[in-house]
Structure formats: structure tokens, C-alpha cells
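The lines below spell out each chain.
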Amino acid sequence: MGILAEFRKQNSNFWQYFWKYSQIIILIQLIINFILVPILNFLANGIIQLGHVNYISYSNALTLITTKPLVVIGLIIILLILLLLVFAQFTLLLVSFQAIKSRANLSWWDYLKSVSKNLFGLPFKAFGFFLLYFLIITPFGSVGLSSSLLNKVKVPQFIIDWLFEEHLPIGVLLIVVYAIIFYIGLRWILVLPSMIFENKSIKTSIIHSWRKTKGKTIYYLGVFGLLIAVVAVFVMITTGILIGFQYGIDHLSFIKAVDFPMAVVNMTAIQLINYITGIYASGMVVLIILSTTTTNYFYPQKAHRAHKWFWGILGTVVIVSFIGYDTMYFNNWLLTPPLTISHRGVDDGNGVQNTIESLEATSKEKPDYIEMDVQETKDHQFVVFHDNTLKNLAGIKKRPSQMTLAELTNTTVRENGKATRIASFDDYLNTADKLHQKLLVELKQVPGNKSDFVDLFAKKYGTRLVENKDMVHSLSYNYIEEDKDLTPKVHTSYILPFNLFGVPLTNANAFTMEYTTLNSSFIDGAHLQQKKVFAWTANDTESMDRMIFMGSDGIITDNLATLKNEINHLFNDSSYSERMAVYVTQMQNPF
């Protein structure tokens, strides 16, 4: 069967049983988002708190393994439960969709019995396979068949940037690895159906899937590609029509009196279209995966209750929540403008990072803060520099801690077509004072820092930082805790490169989180602790909008002017149709 014929066949199948397929997907999403995810978070946080672990990061992983083995074992058990639940989710999807295709009128009890049979039949060694299959193949090798249980399985953007900007060969190798993983994902696409419906072992299922998909890579790519194209075009056209309709209302004086209620109506329609499209995309992916499955369910016809009252209440709650959200959104009751923070003191490459010239140029744009980096020198002074070595900016294979302050401040650094000298922190701080520019100072945890690094810094600059209302942040949990003890009036922020196990326990006033894995749950948890959240480093309007909609208190960016324009556009001078367009750019991807 050709690509177009296969797509039309599964599309027809989906719409024939649209409501039945939709019920399955909706109920699974409700169970995951409102029951399983909260329970898993509660268990993980409970284990961490009972083990008196304040935070979990790459920096204390070895210490936890050696000193808190029970905590590590508990978290591993949570991971195994997670894998079981993901397997159960996909099993339930496949079993229920196949039963619906077979026109079998099964109850939820029948579905759960089938899922339980597959779960309890798993050998222990299957966990290793599912760890590979779900944590690697599912995020990168499939379209639509994803899970909220795995929404943290992402590669942070700063790692990708670091690879391609500073280690290009490794970045190219990463692309090759992803291409291989994507290919394996396509070739393993029939593994789960084979295990579930034919009771094959993992090894046999892999061989079976590899054989059945031989020579069909282009075929599956074509079917999934066509699905992506259809969904993308549909969403673009429908949202475009609604935004265009709202634009007309905004600019036609004789109907402008109804611009607000119509904005709420049109926005609600966009949200419903996006949600239904997500159901369609997920359902189509499952049907494509099941396209070669011939198992039929022959159950006697039973009269199951339709539970119309449940679906009526759920539909009402969803629509009312959309209307409530849209009303607050258009009245600026929901979102607040974030602090604008220039990353390393530059804006769109207007100078060399962490230098006085860039500070002077960027401060003219009046950011709330300029973020910069401090390291210790050989003679125990402080210099403004980010990298571990001077190789990239100065061509010198030495660390700042291997050179004196005088040597460093006489060193020329080059970037963005400009050249200047490295700045001492004293000169940088004096310049910021003259410009009335507040700073967000990062205490770099790098090789060469002495044990009293934070103590020296706090004693020398603590009073001035308080007077200038500057802030301090660091990737080192210990640096932040020590600085907070020494200078309690200085606002501090603990930097997190990943969002793994919720909100750490810290005396810091805020968290600086890499934006790729930052989510609203972390922000809400931090706000419950009366702590702010700063997102780094959001450099395009889409990611900036996403951070604003999540409720970030500040955004660190390399493109300050873009951020300020986006904030001004969103909060000050945008029409209803423009705000709808902004919402569309950051709303959940249907896939």
C-alpha cells in the first residue's frame, strides 16, 4: 500500500471511531497528569527529604552514591516504576485501539486485565530494554507517541550550543548518533505490538520488527511526514483564519465594541482546535503503528454505560477554564513582565563578553540587570571572565587562576569583531556604579579557585553589592549557601542546568534555571517557597514568550533588545489579535 493510501486508510479509521479513540487518549492524559505525575513527584520528593538531601545535581552525584545509598536506591526504584507506567500507558493505547478497530465493545476492566497480563509477564531484564527504548527511541525516534511521564527527557539547549560553537566535531557526531537513533526508532516501531499481541520475547520482537520494516524506512518516513504536514497546515490555516477574523474586529470601528468578548471566543476556539489536533496526531500515530497488526478481539457485545454526565462535566470544565484563562490573559491579570537580564553584558554581539566596553554599550538599553562572571586570579584578586581558560578569547592556554591580575588586565580578548582588555572586577563594579547599572554576579566554580574564594569575595564586595542592590548566583550549591551566610542581605540565586527532581532546599532567594527543561510546575513550586525563578538563556521570541507564559520572574538573554521589544509588544501596545498570535507561538505542540 502506498504512503497516501495508508494515510487515507488510517485517517478514515480514526474519524470513524473518533469519539472512542478520543476517550481513551483523554482518560490516559487525565490519569497521568492528575494522578501518576503528582504521586511520582511526591514519592521522589519524599525520598529526597527523608534522606536529608537538599539538592541533586551532577556535582553531588558521587557523594550521594557513597553517603546516601538508600536515597539513590529509592530514586532508582522510582525510575523503574516510571518505566513500568510508560509501558502500561503505551500498552493500554495499543490494546484499546486494536480492540476498537476490531469493533469489540470492551470495558475498562477488560483493558486493564490485558495491560496487567503484559506487565506481570515482563522479565526483570526487560527494564534495561525499556530504559533504552523509552528514554532514547521515544523522544527522538517517533512522532506523536510521547508521554508526559518523559517530558524531562530533553537535551538542554546550552549543551547543544556548547557542542556546535566550541566542539563542532562532537556536535556533528551527535547529529550522526541522532540520525542512527531515529533510524532505529523506525525499525523498532513494531516491537511493542509484537510483544503485546503475539506474546513474543523482547529479542524475538526486535528481530520480527527489523524484518517487517526492512525496505520500508522511506514508507514510514513518508506516512509520518504526511501526518506532520497535514496537522501543521490545518493548524496554520484555522488559527490564521481566527486571528485574521479578530484582526478585522480590532480595526473596524463599528464592531469594536465586541472586540473583547470575540477575542475570548476566538482564543477559546484556537485552544480547542489545538487540543483536538493533539488527540488526532496521537491517535493517528497509534493507528499507523498498528497498521500491520491482525489481532482481533472477539468479546460478546455488552451494554456499557456511556457516562455522558462525566464527559459533559469534563467538557464544561475545560471550556470554562479556557474562557477564564483567556479573560485573565487579555486583561493582563495572568502575566507579569519579567526582569530583563543581559547575559555576559552583551546584546546581539555588540562587544566582547564580560568587558567594560560591552557593559557601557548594553547599559544604555537599561536592562534590569547585567549578568557577568567572576573568577579568582593567581594573586587572589577577582577578574571578570567566563571560560575555564583564555584559549577561545585570547588564544592563551592558561586558566585565569594561573595568571596574576596585572597579567590578565593586560591581556587582549577578541570577539564579535571587536578587541579589548580583560577587566578586573573592581573596575567593572566601579563602572556599573557610575552607570547606575545593577549586576547579577556569577561566582564561577572553576579549577584554581581557593577554598576561601567565596569568603574573600564576600568580605571585599558584600557591602557594595547590598548598596547597589546587585545579586549573586552560582552553579555551586555550596558557594551560594556560604555567600548567603556571609552576606545575608545580598540576594542570591542557585543555578540549575537541569530540572530533574523539583525545587531544591536552599537559603537562596531565587533559582536560575536553563530554559529548555524549565516548566510551570518548577516555577509554581519555587513561588510557594517565596523564591523567584530566572530563565537562561532564551534568545528568540518564541522561547521568550514561553518563559513569560510560564511565569518566569526574569529572563537572561543574549538578545536584550529583542526581549525588551517582545515584553513591550506583549504588555503595552498589542491588539487582541496580536496577543492571540503570541499565544499561538508558544502553545503546546500537537505532537
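Whatever comes next refers back to the structure up there.
No experiment lies behind these values; they were computed from the predicted model shown.

1. Considerations on the packing of helix 1 (residues 3-16) against helix 11 (residues 217-251)
In the contact formed by helix 1 and helix 11, the axes pass within 9 Å of each other and the chain directions differ by 55 degrees. With respect to their mutual orientation, helix 1 and helix 11 come out oblique. Note that helix 1 runs across helix 11; the crossing there is right-handed. Counting all contacts with helix 1, which are made through Ile3, Leu4, Glu6 and Phe7, the residues of helix 11 involved are Ile218, Tyr219, Gly222, Val223, Leu226, Leu227 and Val230. Grouping the amino acids of the contact of helix 1 with helix 11 by side-chain chemistry returns 9 nonpolar, 1 polar and 1 charged.

2. A word on the packing of aromatic side chains
This structure, assessed with the given rule, holds 32 aromatic pairs. Relative to tyrosine 494, the ring of tyrosine 55 lies with its centre 5.8 Å away and its plane at 80 degrees, an arrangement referred to as edge-to-face. Placement of the pair is tyrosine 55 in the loop between helix 2 (18-50) and helix 3 (61-67) and tyrosine 494 in strand 9 (residues 491-496), with a sequence separation of 439 residues. With respect to burial, tyrosine 55 and tyrosine 494 carry one shared label: buried.

3. Re the nonpolar core
Residues Leu93, Leu94, Phe97, Tyr220, Leu227, Tyr329 and Leu518 are the most contacted members of the largest nonpolar core, which totals 94 residues. Every residue in contact with leucine 518, bar those within four places of it in the chain, is listed here: Met513, Ile523, Val533, Ala535, Met547, Met550 and Ser552. Core analysis: the next-biggest nonpolar cluster, separate from the first, contains 23 residues, Ile356, Val441, Leu443 and Val454 among them.

4. Thoughts on helix 9 (residues 191-198)
Of all 8 residues that make up helix 9, 7 are buried, and the element is covered over most of its length. All of the buried residues along helix 9 are Val191, Leu192, Pro193, Ser194, Met195, Ile196 and Phe197. Two residues or fewer past helix 9, asparagine 199 is found with a positive phi of approximately 55 degrees.

5. Re a nonpolar patch on the surface
Among the surface-exposed residues, Phe164, Leu168, Val172, Leu173, Ile175, Val176, Val177 and Ile180 lie close enough to one another that they form a single nonpolar patch of about 670 Å² accessible area. Here the element with the most residues in the nonpolar patch is helix 8 (residues 168-187); it accounts for 7 residues. Looking at where valine 177 falls in the secondary structure, it is placed in helix 8. A relative accessible area of 36% means that valine 177 is categorised as partly exposed.

The rules we used
- Residues numbered from 1 in each chain as written.
- Predicted model: local features only at pLDDT ≥ 70, side-chain atom pairs only at ≥ 80, totals over all residues.
- Heavy atoms only, no water.
- Axes fitted to C-alpha atoms, helices over the stretch in contact; angles between N-to-C directions.
- Helix = DSSP H or I, 4+ residues; strand = E, 2+ residues; numbered from the N terminus.
- Parallel < 35°, antiparallel > 145°, perpendicular 65-115°, else oblique.
- Left-handed = near helix turned anticlockwise from the far one by under 90°.
- Contact = heavy atoms within 4.5 Å.
- Nonpolar A, V, L, I, M, F, W, Y, C, P; charged D, E, K, R; others polar.
- Phe/Tyr/Trp six-rings, centres within 6.5 Å; stacked < 30°, edge-to-face > 60°.
- Buried < 20%, exposed > 50% of the residue type's maximum accessible area, 1.4 Å probe, protein only.
- Core = buried A, V, L, I, M, F, W, Y, C linked by side-chain atoms within 4.5 Å.
- Patch = residues over 30% accessible without salt bridge, like charges linked within 9 Å, V, L, I, M, F, W, Y side chains within 5 Å.
- Areas by Shrake-Rupley, 256 points an atom, 1.4 Å probe, with all protein chains shown as cover.
- Salt bridge = Lys/Arg side-chain N within 4 Å of Asp/Glu carboxyl O.

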